[in-house]
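Remarks on the overall topology
What follows is each chain in one-letter form.
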Amino acid sequence: MSYVIKGETGDWEVVIGLEVHAQVIAKSKLFSGASADFGAGPNTQVSFIDAGMPGMLPVINEHCVAQAVRTGLGLKAKINQRSVFARKNYFYADMPQGYQISQYDMPIVGEGMLILDMPDGGTRAIGIERLHLEQDAGKSIHDMHASSSLIDLNRSGVALMEIVSKPDLRTPEEAGIYLKKLRSILRYLGTCDGNMEEGSLRCDANVSVRPVGSVDLRTRCEIKNVNSVRFVMEAIAYEAQRHVDVYESGGAIAQETRLFDANKGETRTMRSKEMAHDYRYFPDPDLLPLEFDDAYVAKIKATLPELPDDKKARFITDYGLNAYDAGVLVADQDNAAYFEAVAKGRDAKLANNWVSSNVFAVLNARNVPITESPVSAKHLGRLLDLISDNTLSSRMAKDVFEIMIETGKDPESIVEAGGMKQITDTGAIEAAIDQVVAQNADKVAQYRAGKVQIMGWFVGQVMKATQGKASPALCSELLTKKLAP
Amino acid sequence: MTDLTSLTIAAARDKLANKEFTALELTEAHLEAMDKSKDLNAFITTTADLARARAKESDARFQRGTAGALEGIPLGIKDLFCTEGVETTAGSHILEGFKPPYESTVSQKLRDGGAVMLGKLNMDEFAMGSSNLSSYFGPVKNPWKAKNRDGDLVPGGSSGGSAAAVAGHLVMGATGTDTGGSIRQPASFCGIVGVKPTYGRCSRWGIVAFASSLDQAGPMTRNVRDAAIMLTVMCGHDPKDSTSAPLAVPDFEAALGQGVKGLRIGIPKEYRPEGLNGEVAALWDKGIQWLKAAGATPVEISLPHTKSALPTYYIVAPAEASSNLARYDGVRFGLRERGLLGDSLDSMYSKTRAAGFGTEVKRRILIGTYVLSAGYYDAYYLKAQKVRALIAKDFTDAFDKVDAILTPTAPTAAFGLDDKQDDPIAMYLNDVFTVPASLAGIPGASVPAGLNSEGLPLGLQVLTKRWDEETMFRVCQVLEEAANFPSLKARP
Amino acid sequence: MSLDNATIRRIATLARIEVPAAELEAAAAKLSGILSWIEQLREVNTDNVTPMSGGTDLKLPWRADIVTEGGQPDQVLANAPEAHGGFFVVPKVVE
Ligand SMILES: [Mg+2]
Ligand SMILES: [Zn+2]
């Protein structure tokens, strides 16, 4: 997938690195015992620590440590058995302590890797630079009051994992695929719910451009807090084009933080971040270095689920799926589980067809997750069994499936109740054929005279006579015999 | 009735238990003393009604036989400790009016032990100072006076209100905090005992932070036994402070009376710099003789990085403080200063902090901001951390050879309240003998050991290795007995 | 090291402490004095020394992931100079 911006002076390529803030799934905050739940009334989930009250001290949440290690393992990354919390000092209305407790030169997770599943079925490896634990800030509300901003500290202190990619991404689409894949892995691991609308997954994109063939990195701009995969892709495309336009008109790009305006589809300078930053990081003296041993990491490793890449490989080998289909199925753990429940002991390709086209279409139309599918995996599996044992033709199976969607009933009872069983009794079909032959002597003559293409019409007539229940295969076999001159 | 304010904590404890007087009577006697000594300006806030209520509760517990280790003992709490519902200012305008909805772990432990809080004691603003001149609520006066000189003296600092209140018999004991000498130096200036325990002994939870890697709470009392009694109640593991040691609390009082026979006492040669005050040097020599007479062996030792301790401290402490004090921004508590209508958030921050902090605090915040800033971190902050490691190692090496170290507490006796103190570095030198132990995190205590020619108290400092406060108390007690220090009488 | 007025202004801005123009000179002199005194540390050989960043060498304690605090907005807001409808109120921030 190549993405080249054609300029007047030549071709440009885009260099993208993503910083993702993923909210750790935990009951309480990173350094306090207040709830980390989303959506409570203002300042109701705030401990005195989260409010930066005098004399308050942080104590780390063990579960957040485990979640970070778990995520690091999922990203095949180096786990640092000794890491250090540092204070990142700056003033902001929703940052009560006047600093954010984060990790700086010694993060809990070091270099790792994330595999992109490309649309052509191929893969591309993107480097992970690091993952570190840090506190979230509170929330400023700017539009409720004319001359004031309102501050809610419920999110203040919630644990985040900041996951930083290497500048390995080259197209907006790759950035989108990276984000979706990362979200998929986090969800598999159960370390972040990946919900971008609620802000539990937030993305900053670092974007620069350079002439194709050049290897130097040019000045980058950071686009902050883009809140959907689509917007990330749009923001990058806009920003890259802006850089090219600036360079080609003889200008220079200033390193700065920008905001993406989704309504206008453009990025702009963040006014509040104008002042040059100097975060004065230093080790937090309220905390000691975070340390654990091999056994601790091994214990967490033993509980990891099968991750998307492994599952994909297995689906290819075990079920004979192609890379693309397997990639689509494993992106979501529930989808993959549903598929496996259907495919196990059955024709896997048939199962994939039914899941990927019929089931997904229904889910998309209804906008529900597969866990709320009106057709359970068990029922779908039995429907496939009815096809395999010739009880249903695939056309009839589609009709039964429609009823299953509406009623949630199992396929057998639908077939029973509607008398929808395929007729495989030769005698019954022969009787219907005889009737059709008797009533359509002219057509029979035409056929016998060599107009064999009207066989389809005869099949249709027999199906009609049997209310669509005749086995189509049996039908054409018998018709061929009967019509033989 | 004997003057109740003359008693030691140990004596009052026994007499309360024997029902010779009530906790309420003991509290009333001290409230009266406080009233008469308002001129000292030792308190920022007095809590007489609360004290009476708590004294009555103590009496009830005596009746029920459920008295705690400090039941009914009237204490003062440095205004750096957050006290539930009671204004806590840290000596600063920026926290004026702040009423914490929580109680610091140390003051809670004292409360749980039955102690009666009489009020919040004056201090240098945010514990930054060695004179108490930097308090927004005005200077504290040392109850001691020079023999041949007029004028009030400083009590030292930053726990100056605590030292003055204890020395002046307004309270039986007080909490202090020590970051670079803030318990020991004022104890020396006011002729009382001040103990800074090992870093991690006392929880820092609920104590307004100055420099987190150095701050330690400790007791200030009129004798060694009282300090041991108070410290036993104050310290102990606190899961709310990540730097609090998960160690059992020794009964420090039980360590007393064991003498120093056989102990090796280190005498660091670097603590006798050229130009050391002759009277201070002489008292130190006397101290060595007292310990020798009691069966200890003085050993000359070297702490080679002593000279670097003060400049190291003046990088580390301001750096941490610049960050710790960022939360005073006018948003959630304390002072808020606004300019014109439509003023920006940043402008509110800058105005609030300019108006709310005093000169010395601002100076340290600026120094701390500078040494952490881009391009200077390695040269200043990282360098200081490395030198700090060397200073700590000096002590570790020394404690391979000796059981305790004896030094002077401060280079001078208390100076005049009106002495011009315009040179910050000259002021910083007050802590030259106390800062190294703070950087190393080891325990240290100051014991009043004698008077200078002006009749002003001088203290000796005893240092031991981490977690060995028991040896420190033993040495202190031997010095105390030998010195027979003429403590101030309760004020008439 | 002597600090010029621009440097003082920069660190005062970082620290959010307003320093009136008239006081810059005096502040620069005082701070420069302290810094030059501090710089004696340069003479100390610290090759191969591991920096000491905390006050203790204990192990970092971990707490269990349970909700033990919160549900006290009144106390959180009790000392606020300005609060409204459960929120802290600050001068309007423009992004
Ligand atoms: Mg970042
Ligand atoms: Zn971050």
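Residues numbered from 1 in each chain as written. Chains lettered and ligands numbered in written order. Predicted model: local features only at pLDDT ≥ 70, side-chain atom pairs only at ≥ 80, totals over all residues. Heavy atoms only, no water.

1. Description of the overall build of chain B
- Counting secondary structure elements, chain B contains 16 helices and 11 strands.
- In summary, chain B has a C-alpha radius of gyration of 21 Å against a globular reference of 23 Å for 492 residues, a match within 12%.
- Principal-axis analysis of the C-alpha atoms places the extent of chain B at approximately 65 × 55 × 50 Å.
- Expressed as a percentage of the 492 residues in chain B, the buried residues total 69%.
- Sequence-distant contacts in chain B: of pairs separated by 6 or more residues, those separated by 24 or more amount to 77%. (Helix = DSSP H or I, 4+ residues; strand = E, 2+ residues; numbered from the N terminus. Rg over C-alpha atoms; globule rule 2.2 N^0.38 Å. Buried < 20%, exposed > 50% of the residue type's maximum accessible area, 1.4 Å probe, protein only. Contact = heavy atoms within 4.5 Å.)

2. Side note on the coordination of the zinc ion (ligand 2)
Residues and elements named next belong to chain A.
- Taken together, the protein donors to the zinc ion (ligand 2) comprise H21 (NE2), E134 (OE) and E162 (OE), at separations of 1.9 to 2.1 Å.
- In the primary sequence, the donor residues of the zinc ion (ligand 2) line up as H-x112-E-x27-E.
- Here the zinc ion (ligand 2) and the magnesium ion (ligand 1) are spaced 4.1 Å apart, and both take E162 as a donor. One end of the pair, H21, is in strand β2 (residues 11-23); the other, E134, is in strand β8 (residues 123-135), and 113 residues separate them in sequence.
- According to the relative accessible area criterion, H21 is buried, its value standing at 11%.
- Given a relative accessible area of 3%, E134 falls into the buried group. (Donors = N, O, S within 2.8 Å, 3.2 Å for Na, K, Ca; no water.)

3. Description of the interface of chain B and chain C
- In this assembly, 67 residues from chain B lie in contact with 48 residues from chain C.
- The junction of chain B with chain C conceals about 4,900 Å² of combined surface from both sides, 69% of it contributed by carbon and sulfur atoms.
- For the pair chain B and chain C, the number of links is 4 salt bridges.
- Residue R336 of chain B pairs with E82 of chain C through a salt bridge whose shortest N-O separation is 3.2 Å.
- Seen at the junction of chain B and chain C, the total is 14 residue pairs in polar contact (both at pLDDT 80 or more).
- If you list the elements that add at least two residues to the side of chain B that touches chain C, you get α10 (306-324), α11 (345-356), α12 (359-372), α13 (377-401), α14 (424-428) and α15 (435-440) of chain B.
- Ranked by the residues each element gives to the side of chain B that touches chain C, the list is headed by α13 of chain B, at 11 residues.
- Here the residues of the side of chain B that touches chain C are counted per class, giving 35 nonpolar, 16 polar and 16 charged. (Buried area = accessible area lost by both parts, 1.4 Å probe. Salt bridge = Lys/Arg side-chain N within 4 Å of Asp/Glu carboxyl O. Polar contact = N/O pair within 3.5 Å; in protein donor to acceptor, adjacent residues only side chain to side chain. Nonpolar A, V, L, I, M, F, W, Y, C, P; charged D, E, K, R; others polar.)

4. Concerning the pairing of strand β11 (residues 457-463) of chain B
Residue and element names in this part refer to chain B.
- The element β11 is largely enclosed, with a buried count of 7 among its 7 residues.
- Burial along β11 is two-sided: the residues P457, G459, Q461 and L463 and L458, L460 and V462 are all buried.
- Sheet analysis places strand β9 (residues 404-408) next to β11, joined by 4 bridges and oriented antiparallel. Pairing of I405 across the sheet is with L463, part of β11.
- Examined bridge by bridge, strand β10 (residues 444-451) and β11 share 7 bridges and lie antiparallel to one another. By the bridge assignment for β11, L451 is matched with P457.
- Hairpin connection between β10 and β11: a loop of 5 residues separates the two successive antiparallel strands, and G455 in this loop has a positive phi of roughly 80°. (Pairing = 2+ DSSP bridges.)

5. Description of the packing of helix α9 (residues 278-293) of chain B against helix α16 (residues 469-483) of chain B
Residue and element names in this part refer to chain B.
- α16 packs onto α9 with a crossing angle of 105° between their chain directions and a minimal axis gap of 10 Å. Classed by the angle they form, the pair α9 and α16 counts as roughly perpendicular. Listed contacts from α16 to G287, W290 and L291 of α9 are V475, V478, L479, A482 and A483.
- For the contact of α9 with α16, the class distribution of residues is 7 nonpolar, 1 polar and no charged. (Axes fitted to C-alpha atoms, helices over the stretch in contact; angles between N-to-C directions. Parallel < 35°, antiparallel > 145°, perpendicular 65-115°, else oblique.)

6. Here's the deal with the interface of chain A and chain C
- Listed as interface residues are 57 residues of chain A and, on the opposing side, 37 residues of chain C.
- Each partner contributes to the roughly 4,100 Å² buried at the junction of chain A and chain C, and carbon and sulfur atoms together form 62% of this total.
- For the chain A face of the interface with chain C, the top three residues by lost area are F48, F91 and L288 of chain A, together amounting to 14%.
- On inspection of chain A and its partner chain C, the count reaches 1 salt bridge.
- Taken together, chain A and chain C are joined by 21 residue pairs in polar contact (both at pLDDT 80 or more).
- Listing elements by their share of the side of chain A that touches chain C, those giving two or more residues are β3 (60-61), α1 (62-74), β10 (148-152) and β17 (290-291) of chain A.
- By residue number, the principal contributor to the side of chain A that touches chain C is β10 of chain A, which donates 5 residues.
- Pairing between β3 of chain A and strand β1 (residues 62-63) of chain C: 2 bridges, direction parallel. The residue bridging I60 of chain A from the neighbouring strand is W62 of chain C, located in β1 of chain C.

7. Quick notes on the environment of T371 of chain A
- Examined against the element boundaries, T371 of chain A turns out to sit in the loop between α8 (348-366) and α9 (377-388).
- Classification of T371 of chain A as exposed rests on a relative accessible area of 55%.

8. Here we look at the pattern of salt bridges
- Per the counting criterion, the structure on display carries 61 salt bridges over all chains.
- Between R258 of chain A and E239 of chain A there is a salt bridge, with the nearest N and O atoms lying 3.3 Å from each other. Of this pair, R258 of chain A sits in strand β14 (residues 257-261) while E239 of chain A sits in helix α3 (residues 229-248); the two residues are 19 residues apart in sequence, bridging distant segments of the chain. The same class applies to R258 of chain A and to E239 of chain A, which are both buried.
- Across the pair K120 of chain B and D79 of chain B runs a salt bridge, and its minimum N-O distance is 2.9 Å. Pair noted here: K120 of chain B is in strand β3 (residues 116-121) and D79 of chain B is in the loop between β2 (74-78) and α4 (105-112), with a separation of 41 residues, a long-range link. Grouping residues by exposure puts K120 of chain B and D79 of chain B together as buried.
- What you see here is one network of salt bridges that share partners, running through R87, D284 and D286 of chain A together with R204 and D241 of chain B.

9. What to know about the layout of surface pockets
All names here are of chain A.
- Roughly 1,300 Å³ of internal volume is contained in the second largest pocket.
- Looking at the lining of the second largest pocket, the elements with two or more residues in it are α2 (172-189), α5 (308-319), α6 (323-330), α7 (333-343) and α8.
- Top contributing element to the lining of the second largest pocket by residue count: α2, with 7 residues.
- Counting contributing residues per domain, the lining of the second largest pocket is built from domain 1 (4-300) and domain 2 (308-418), each supplying no fewer than three. (1 Å grid on protein atoms, 1.4 Å probe; cavity = no way out; pocket = protein on both sides within 12 Å on 5 of 7 lines; lining within 4 Å. Points joined across faces, edges and corners; volume = space filled by probe spheres on them. Domains from an automatic or database assignment.)

10. Topic: the coordination of the magnesium ion (ligand 1)
- Around the magnesium ion (ligand 1), the protein contributes the donor atoms E19 of chain A (OE) and E162 of chain A (OE), which lie 2.5 to 2.7 Å from the metal centre.
- Looking at E162 of chain A, the relative accessible area reads 10%, which means it is buried.

11. Quick word on the side chain of S308 of chain B
- In this fold, S308 of chain B is placed in helix α10.
- Among residues more than four places away in sequence, those in contact with S308 of chain B are V387 and I391 of chain B together with L41 and V44 of chain C.

12. Some remarks on the domain arrangement of chain A
- Looking at chain A, the domain boundaries give domain 1 (4-300), domain 2 (308-418) and domain 3 (426-482).
- One C-alpha centre belongs to domain 2 of chain A, the other to domain 3 of chain A; they are set 33 Å apart.

13. Brief notes about the nonpolar core
- Core analysis: the biggest nonpolar cluster contains 209 residues, and L70, L110, F126, F395, L406 and F473 of chain B have the highest contact counts within it.
- At 12 residues, the largest contribution of residues to this core is made by α13 of chain B.
- Residue contacts for F126 of chain B: discarding those within four places in its chain leaves A90, S92, I94, L95, V208, F210, L325, Y328, F357 and V361 of chain B.
- Counting residues in each nonpolar core, the second largest holds 113 residues, with V20, F85, W354 and M404 of chain A among its members. (Core = buried A, V, L, I, M, F, W, Y, C linked by side-chain atoms within 4.5 Å.)

14. Digging into the packing of aromatic side chains
- Counted by the stated rule, this structure contains 37 aromatic pairs over all chains.
- Between the aromatic rings of W354 of chain A and F401 of chain A, the centroid separation amounts to 5.3 Å while the plane-to-plane angle is 75°, which identifies the pairing as edge-to-face. Taken together, the residues span a long stretch of sequence, with W354 of chain A in helix α8 and F401 of chain A in helix α10 (residues 394-407) at a distance of 47 residues.
- Its relative accessible area of 6% is what places W354 of chain A among the buried residues.
- Ring-pair connections join several aromatic residues into one group, and the members of that group are F98, F126, Y328, F333 and F357 of chain B.
- Directly above the aromatic system of Y247 of chain A lies the positively charged group of R218 of chain A, at a separation of 4.5 Å from the ring centroid.
- If you follow K240 of chain B out to its NZ or CZ, it ends over the ring of W205 of chain B, 3.6 Å from the centre. (Phe/Tyr/Trp six-rings, centres within 6.5 Å; stacked < 30°, edge-to-face > 60°. Lys NZ or Arg CZ within 6 Å of the ring centre and 35° of its normal.)

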